[in-house]
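Summary of the model geometry
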Amino acid sequence: MHIISVENLEKGFDGLGVLKGISFTLQKGEVLSIIGPSGSGKSTMLRCINQLETIDGGSISVCGDTMVTTNSQHMVQYAGKDTLKNVRLHCGMVFQNFNLFPHMNVLKNITEAQVFVLKKSKQEAEETARNLLKKMGLEEKALAYPCQLSGGQQQRVSIARALALKPEVLCFDEPTSALDPELTGEILNVIKSLAQEKMTMIVVTHEMAFARDISDRVIFMDDGQIVEEGKPLDLFNNPQNPRTKKFLNHFA
Ligand code: ADP
Ligand code: MG
């Protein structure tokens, strides 16, 4: 089953095309890495799927629900608010800069949406939060505030917060780019273990070795388009498009 299906996605800012007809699908349990130079539209693409940006054309479906389509007159039509809410719950997002609520402790960061969006009891939400914190190796940080944590710990809290809503797919936007190199590994290990549990994921990353190791499929984006797509070993070891080759050469 397709967890995500994106067709001919278009998005521009101030008349400037940023996504120029992006199409791809994501199967249940699949890990898709997205690589590409800065400014190629990777974040915008994730933000469109997560309803943080509206689209200018194309269609997006999540778990069988049509979130947005475009008709033959090029009119973009979003689904009703119940469907949009459903879709939002199906997609979790982890940001480069963690985006934790600074005025809430770790526990509250993880329980807030469970209580207010999923309508769980406080007790149930806290149990879920504590289990996830344990899984992230952060049991003892439940009452700490984000500013008292390292970047790596904050990012693990933000992963726990996303997982608490039991999403069908988790999207990571350069989850290690704001971290010191010695903290990058701890986040990559968390994502790796989620991949082993068959969590469906889209990972935008500059960590090429990591993308090669954990992905089922890799997409290379440049200038708002998917230039090349393939299995990690094929794409990294034997890129076909000259733009892919040139990009990967920077990491060689
Ligand atoms: P990437 O994540 O691949 O680095 P982005 O999706 O962040 O690329 O950006 C793609 C292009 O869209 C860039 O040229 C960027 O400046 C532009 N862009 C992104 N967000 C906005 C915005 N909110 N307003 C105007 N331009 C934007
Ligand atoms: Mg980005």
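In what follows, the structure referred to is the one given above.
Scope of this entry: the structure provided in the associated data block. Within each chain, residues carry numbers counting from 1 in the order of the written sequence. Lettering for chains starts from A, numbering for ligands starts from 1, and both go in the order in which the items are written. Confidence filtering applies because this is a predicted model: local features only for residues at pLDDT of at least 70, side-chain atom pairs given and counted only at 80 or more, and all residues used for totals across whole chains, interfaces and linings. Remark: hydrogens and water are excluded; side-chain values derive from all non-hydrogen atoms of the structure.

Description of the overall build of the protein chain
Helix and strand counts for the protein chain come out as 9 helices and 11 strands. Based on C-alpha atoms, the radius of gyration is set beside the globule rule, defined as 2.2 Å times the residue count to the power 0.38. Expected size for 252 residues packed as a compact globule is a radius of gyration near 18 Å; at 18 Å, the protein chain falls within 12% of this value. Each principal axis of the C-alpha atoms in the protein chain carries an extent, and together these give about 50 × 45 × 35 Å. The buried share of the protein chain, reckoned over its 252 residues, is 52%. Note on definitions: a residue-residue contact is assigned when non-hydrogen atoms from the two residues lie within 4.5 Å. For the protein chain, the share of sequence-separated contacts (at least 6 apart) that also reach a separation of at least 24 residues comes to 63%. Secondary structure elements follow DSSP: runs of H or I of four or more residues count as helices, runs of E of two or more count as strands, with numbering from the N terminus. Exposure categories follow from relative accessible area, calculated using a 1.4 Å probe and restricted to protein chains: below 20% of the type maximum is buried, above 50% is exposed, and the middle band is partly exposed.

What to know about the pattern of salt bridges
By definition, a salt bridge exists where a carboxyl oxygen of Asp or Glu is found within 4 Å of a side-chain nitrogen of Lys or Arg. Tallying each qualifying case throughout the model produces 10 salt bridges. K135 serves as the salt-bridge partner of E197, at 2.9 Å between the closest nitrogen and oxygen. You can see E197 sitting in the loop between α6 (181–196) and β9 (200–204) and its partner K135 sitting in helix α4 (residues 122–135), a full 62 residues away along the chain. Judged by relative accessible area, which is 45%, E197 ranks as partly exposed. Salt bridges here are not isolated pairs; linked through shared partners, they connect E30, R217 and E229.

Some words on the nonpolar core
Counting 36 residues, the largest nonpolar core has I159, L170, F172, L194 and M201 as the members making the most contacts within it. Looking at this core, the elements with two or more residues in it are α3 (106–116), α4, α5 (151–163), β8 (169–173), α6, β9 and α7 (208–214). Broken down by element, this core gets its largest block of residues, 7 residues, from α6. Aside from chain neighbours lying at most four places away, what touches I159 is V94, M136, F172, I187, V190 and L194. What is meant by a nonpolar core is a set of buried Ala, Val, Leu, Ile, Met, Phe, Trp, Tyr and Cys residues, joined one to another through side-chain atoms within 4.5 Å. Judged by nonpolar contacts, the second largest core, of 32 residues, contains I4, L9, V18 and C48.

Structural notes on the sheet that holds strand β4 (residues 57–62)
The strand order across the open sheet built from 5 strands is β2-β1-β4-β5-β6, with neighbouring strands paired in antiparallel fashion. Across the chains shown, the open sheet's two edge strands, defined by having one partner strand only, are β2 (16–27) and β6 (76–78). Adjacent strand axes in the sheet meet at a mean angle of 15° when their direction is disregarded. By definition, two strands form a pair when at least two bridges between them are found by DSSP. Looking at chain direction, strand β5 (residues 65–70) and β6 are connected through 3 bridges and run antiparallel. Residue T70 lies in a different strand from β6, and its bridge partner there is V76. Axes here mean lines fitted to C-alpha atoms, for a helix over just the part in contact, with angles spanning 0 to 180 degrees between N-to-C directions. With respect to the sheet, helix α2 (residues 81–90) is in contact with β4, β5 and β6, its orientation differing from that of β5 by roughly 115°.

Some thoughts on the environment of D222
Inspection of the secondary structure assignment puts D222 in strand β10 (residues 217–222). For D222, a relative accessible area of 19% puts it in the buried group. Sequence-wise, D222 and K42 are 180 residues apart; in three dimensions their C-alpha atoms are separated by 8.8 Å. Here a polar contact is taken to be a pair of N or O atoms separated by no more than 3.5 Å, where protein atoms must pair a possible hydrogen donor with a possible acceptor and residues adjacent in sequence count only if both atoms sit in side chains. Within the structure, the side chain of D222 is placed 3.2 Å from the side chain of R243, a separation counted as a polar contact.

Here's the deal with the packing of α5 against α6
Relative to each other, α5 and α6 sit at 20°, their axes nearing to 8 Å. With respect to each other, α5 and α6 are oriented roughly parallel. Viewed along their axes, α5 and α6 form a crossing whose handedness is right-handed. Contacts between α5 and α6 involve G151, G152, Q153, Q155, R156, I159 and L163 on the former and, on the latter, L183, E186, I187, V190 and L194. Class assignment for the residues of the contact of α5 with α6 results in 6 nonpolar, 4 polar and 2 charged. Here roughly perpendicular refers to angles of 65 to 115 degrees, roughly parallel to angles under 35, roughly antiparallel to angles over 145, and oblique to all remaining angles. For any pair of crossing helices, the crossing counts as left-handed if the nearer helix is rotated counterclockwise from the farther one by less than a right angle, and right-handed if it is rotated clockwise. Classes in brief: Ala, Val, Leu, Ile, Met, Phe, Trp, Tyr, Cys and Pro nonpolar; Asp, Glu, Lys and Arg charged; the others, Gly included, polar.

Comments concerning a nonpolar patch on the surface
The grouping of F116, V117 and L118 at the surface amounts to a nonpolar patch, some 250 Å² of accessible area in total. Turning to its location among the elements, L118 is positioned in the loop between α3 and α4. A relative accessible area of 31% places L118 in the partly exposed class. Surface patches are defined over residues having more than 30% relative accessible area and no salt bridge, joining like charges when they lie within 9 Å and nonpolar side chains (Val, Leu, Ile, Met, Phe, Trp, Tyr) when within 5 Å. Only the protein chains shown count as cover for residues, and the accessible areas themselves come from Shrake-Rupley with a 1.4 Å probe.

Examining the site of ligand 1
Throughout, near means a residue has at least one heavy atom within 4 Å of the molecule or strand. For ligand 1, the full set of nearby residues is F13, V18, P37, S38, G39, S40, G41, K42, S43 and T44. Separating an oxygen atom of ligand 1 from a backbone N or O atom of S40 is a distance of 3.2 Å. Measuring from an oxygen atom of ligand 1, one finds a side-chain N or O atom of S43 at 2.8 Å. The element contributing the most residues to the shell around ligand 1 is helix α1 (residues 42–49), with 3 residues. For the shell around ligand 1, the residue count by class is 3 nonpolar, 6 polar and 1 charged.

Spatial relationships are all this shows, so hold off on functional conclusions.
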